[in-house]
Each structure stands twice: as structure tokens, then as C-alpha cells.
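Spelled out, the chains give:
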Amino acid sequence: MEGASFGAGRAGGAVDPLDFLKQPQTILRVTAWIFSIVVFGSIVNECYVNKDSQSPELLCIFNENESACSYGIAIGIISFFGCIFFFVVDLQFQQISSVKDRKRAVLLDLGFSGFLSFLWFVAFCFLANQWQRTKMSKGALQGADAARAAIAFSFFSIAGWVALAVKALQRYRLGTDMSLFATDQFTADPNASYPGYPTGSGIESTETYQSPPFTETSDANPKGYQGATTICRNLQQKPQV
């Protein structure tokens, strides 16, 4: 984006809600938020089943491994609240006037998105591995669709958070256009003159230098000398007695 600081315009500018919702970053954020709901919602609601009809104890459907269900729920909740937090940060990002604060926000988004991508990759591998080892009982068959949904949307979440990390990296590489944060004492026009500097046409006139400085014009007949010469001539012209 031309004339932008870390992907946003001038600080304090108005934010158009419709344009904000159309941004790829916002769409990815909302998509990742929905995926997290599907994962931890599926595990909480349908992935705890009875081993058989005679056992009232609820066990995790993923090979009866409580750690698998707990991990999937934890990552889903972290992703859920992380999406909400960074959604608010994106909404208020243009109101941040400090360049350093904008940089910290982008780096935090980049680090969090990369970290969540790794955690979702671990979740996908962990749940898929435990599901392969699960013995198909009556209870497991009842929650099989929810287990498969949790595994599938864990994989989709990897792609979503990787895309968010890439977007954050692109925003970081955009850097900062310092003209957005310049004070009023600096004019926007680079050709403008500084205050107090004499402005001219840019072409020096030669008329100023026609006469050399510090020269005196000499008069061939000074006024006082001319008067004395005239008196002498008059005296010589008088007839002698």
C-alpha cells in the first residue's frame, strides 16, 4: 500500500467498516475463529462417550486418551480468544499514532500466528494418530463424525493461521512511510523554500555587476577649479593702462 505505515494509512484516519470487513486479513481472522469453535465445540459436545452401555463413565473418544481431548479443547479456546483480540487490534490499528507501537503490534501478530500454526499442526497429528488407534465401540461410532470434524478443522486451522502469519510478515516488510508522522513545520512539497530564505527567479541578473564596486567617477572639471580658471582668464583679457 503506497503511503502507508505497516499496512495502514495515516494515524487518526477514519475506518470504513465495510472496507475493513473486506480485507483478506479480516476474512482470514473470522475464518480461523469459526474453525476454532468447530474444533473445541465438537470435542466438548460429542467426543466424550461411554465405553459400553454398562459403564456410566465418559471417556475421550480418541483412544480413551484424555490428553488428546484436553489438548484439542485448549488450542481451540486459545485460538478463539486470540482471534477476538487481534480482530480488535486490527480495528484500532489505524488509530495508533506511534510507529513503535504499530511495529510491536505487527510483530506480536506475526509471532502469535506462527506459534498457533505450530500448535494446530501438533493438534492435527495428535488427534489423527489417536483416532487411528481407537477401537470402534458403540460409543465411538456415535461420536465418530464429531471426531473426524475436529481432525479436519484442525488441519484447516493450520492453513488459516499460516496465511495470517504471511499477512503479518507482509505488513512488517511494508515498513513505515515517515511522511505520515511528520509535524506541521515540515512542508509536504520538497521544492518549497525554507522560511526567511530569499526567493528569486533562479536567474542571476548581470545588470548588478556592470559597474565595479567601490569606484568613483572622476569629473574632468571640478566645480571649484573651474571657477578659479574663469577668473584668471578675465584678468588676462583686461587692457592694460
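Novice: Would you take a moment to explain the confidence of the model for the protein for this structure?
Specialist: On average, the protein scores 77 in pLDDT, and the residues at 70 or more come to 66%. Every residue in residues 178-188 scores below 50 in pLDDT, and together they form 14 contacts with partners more than four places removed in sequence or on other chains.

Novice: Can you walk me through unusual backbone geometry in this structure?
Specialist: The phi dihedral of Asn63 is positive, around 60 degrees, even though this residue is not glycine. You can see Asn63 is positioned in the loop between strand S2 (58-60) and helix H3 (66-92). Its relative accessible area of 31% is what places Asn63 among the partly exposed residues. Although it is not a glycine, Glu64 sits at a positive phi angle of roughly 55 degrees. Mapped onto the fold, Glu64 is located in the loop between S2 and H3.

Novice: Looking at this model, I keep getting lost on the side chain of Gln25. Mind explaining?
Specialist: Structurally, Gln25 is set in helix H2 (residues 24-46). Taking the relative accessible area as the measure of exposure, Gln25 reaches 9% and is therefore buried. Reaching out from Gln25, the side chain makes a polar contact with the side chain of Arg171 at a distance of 3.1 Å. Ignoring anything within four residues of it in the chain, the contact list for Gln25 reads Asp90, Asp109, Leu164 and Arg171.

Novice: Is there a simple way to think about the side chain of Ser79 in this case?
Specialist: Relative to the helices and strands, Ser79 is located in helix H3. Filtering out sequence-adjacent residues up to four positions away, Ser79 remains in contact with Ala32, Ser36, Leu116, Trp120 and Trp161.

Novice: Before we go on, may I ask you to explain the packing of aromatic side chains in this structure?
Specialist: What describes a pair of aromatic rings is the distance from one ring centre to the other and the angle between the planes of the rings. Across all of its chains, the model carries 14 aromatic pairs by this definition. Both rings, one in Phe40 and one in Phe80, keep their centres 6.1 Å apart while their planes meet at 80 degrees; by these two values the pair is edge-to-face. Of this pair, Phe40 sits in helix H2 while Phe80 sits in helix H3, and the two are 40 residues apart along the sequence. Judged by centre distance (5.1 Å) and plane angle (85 degrees), the rings of Phe85 and Phe86 are edge-to-face. For Phe85, a relative accessible area of 46% corresponds to the partly exposed category. Chaining the aromatic ring pairs together yields one cluster made of Phe35, Phe124, Phe153, Phe155 and Phe156.

Cut-offs used in this document
Residues numbered from 1 in each chain as written. Predicted model: local features only at pLDDT ≥ 70, side-chain atom pairs only at ≥ 80, totals over all residues. Heavy atoms only, no water. pLDDT = per-residue confidence, 0-100. Contact = heavy atoms within 4.5 Å. Helix = DSSP H or I, 4+ residues; strand = E, 2+ residues; numbered from the N terminus. Buried < 20%, exposed > 50% of the residue type's maximum accessible area, 1.4 Å probe, protein only. Polar contact = N/O pair within 3.5 Å; in protein donor to acceptor, adjacent residues only side chain to side chain. Phe/Tyr/Trp six-rings, centres within 6.5 Å; stacked < 30°, edge-to-face > 60°.

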